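Residue-level structure breakdown
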Amino acid sequence: MSTRKLIKNKISNKLITFEQFMRLVLYDPNYGYYNCKQNIFGHNGDYITAPEISPLFSKIIACQCREILQVTHGNILEFGAGSGKMAAIIMQELTNFNLAPNKYQIIELSPQLKQLQRKNILSICPDLINKFEWLPRLPDNPWNGVILANEVLDAMPIHRFHKSEMLQEYYVTMNNNEFSWNLGDISNDNFIPYIQKIIDEFLVDVKNYDIEINFYLEGWLKSIFDLLDQGSIIIVDYGFPSNEFYHPDRSTGTLMCHYQHTTNSDPLINVGQQDITAHVNFSQLAELSYQLGFTIAGYTNQATFLLNAGILDLVNTTNNIQQYSDNQQIKLLTLPSEMGEIFKVMNLSKNMAITPSGFSQLDLRHTL
Ligand SMILES: C[S@@+](CC[C@H](N)C(=O)[O-])C[C@H]1O[C@@H](n2cnc3c(N)ncnc32)[C@H](O)[C@@H]1O
């Protein structure tokens, strides 16, 4: 039975919130996109992430881990490690600097991706495989070290609301054997004050507007804050601060689907075959982090972060072909029209005073 059919049967004639739909379609253990789709990343897949574009990206993250681990010692914990290539390169780099942590821990929801990660790590650095550990949940606290999340927050299921004369929530149901949208009451009364605050701040005079909120973020950050004794989180993702996120012109939100290197904004098509993402609201992330007690140690765009941390110094200058290829990869990672500006990097820390070198110039925290 196809993924689409299985999901149809599961929904049947029920209404489910968009958040439930996104969770089901992406993460259902039996037929979710991340558990079933063959070839997600890279040229034969649906999309390409920074670690797939260039090993130089992973080397820069390794350099930031090195600076943090020199203070905290401890381990690295990566959420959603994708193909596992970034993890392997980070451990290779840290081993070269004699600073490899005892453990590189990975929390990955998808059993299929865990296998892919193990396979890639085994092919890139077989001698280090025993340092890698796949955890079903967060480790026991207290825990020291670096936590990494590259393009993970955009993959978290979001709630979607609609503001017109009234405030409603988006649901998904089946209509004539097709997935379709439905507007209904807000599924949880606790959401209302939060949505109202966004309307009062950004959308008072706006007539029709889709409001997306990631309510998962608070619990995720709190669990990390409780875990950490001393350490730092590096979050890389596409998104912007609230005033851009809830800009009146962005009236249909930021939902984006990736299918065979094309993008569309309709999560109800290609069900189970396409990735569904929403941009990250970095102001929400900062506010929740601040309330929990994290220090927002750095926030800038990806281009600045990579250049500050010395990506140009990593370009091969002894081999012409490699030099050309390195520069092409850096272009994709840093040009404003590519990943350079829309992607942001945030550093949250607990009980530590250093800010990694990636945040040394063009501090954008005032924009949050
Ligand atoms: C867009 S992919 C990014 C993969 C990889 N970090 C990269 O940059 O290539 C999103 C990843 O996040 C994982 N993911 C989503 N939510 C997660 C969560 N709450 N905990 C752990 N992994 C999660 C997915 O399974 C997937 O591996």
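Structure: above.
Keep in mind that what you see is a predicted model, and the values were worked out from it rather than measured.

So, how was this worked out
- Residues numbered from 1 in each chain as written.
- Predicted model: local features only at pLDDT ≥ 70, side-chain atom pairs only at ≥ 80, totals over all residues.
- Heavy atoms only, no water.
- Axes fitted to C-alpha atoms, helices over the stretch in contact; angles between N-to-C directions.
- Helix = DSSP H or I, 4+ residues; strand = E, 2+ residues; numbered from the N terminus.
- Parallel < 35°, antiparallel > 145°, perpendicular 65-115°, else oblique.
- Contact = heavy atoms within 4.5 Å.
- Buried < 20%, exposed > 50% of the residue type's maximum accessible area, 1.4 Å probe, protein only.
- Pairing = 2+ DSSP bridges.
- Right-handed = clockwise from strand over helix to strand, strands pointing away.

**Here's the deal with the packing of helix 5 (residues 55-72) against helix 13 (residues 320-334)**
Describing two packed helices takes the angle between their axes plus the distance from one axis to the other. Packing of helix 5 against helix 13 brings their axes to within 9 Å, and their N-to-C directions diverge by 70 degrees. Comparing the axis directions of helix 5 and helix 13 gives the class roughly perpendicular. The residues of helix 13 that touch helix 5, namely those facing P55, L56 and F57, are D326, Q329, I330 and L333.

**Thoughts on unusual backbone geometry**
The backbone of Q260 shows a phi angle near 45 degrees, a positive value even though the residue is not glycine. Here Q260 shows up in the loop between strand 11 (256-259) and strand 12 (262-264). Of note in the backbone geometry, N351 takes a positive phi value of approximately 55 degrees without being a glycine. Along the polypeptide, N351 turns up in the segment after strand 16 (343-350). Overall, N351 belongs to the exposed group, its relative accessible area being 53%.

**With respect to the pairing of strand 3 (residues 104-107)**
Side chains Y104 and I106 of strand 3 all project onto a buried face; the interleaved residues Q105 and I107 project onto the opposite face, where all are buried too. Of the strand pairs in this sheet, strand 2 (residues 75-79) and strand 3 are connected by four bridges, and their pairing is parallel. Note that in strand 3 the partner of I76 across the bridge is Y104. Following the backbone out of strand 2, through helix 6 (residues 85-96) and into the adjacent parallel strand 3, one traces a crossover that is right-handed. Sheet topology note: the strand 3/strand 4 (residues 132-134) ladder contains three bridges and is parallel. Looking at the pairing, Y104 lines up with F132 of strand 4. In this view, the connection linking strand 3 to its parallel neighbour strand 4 by way of helix 7 (residues 111-124) has right-handed handedness.

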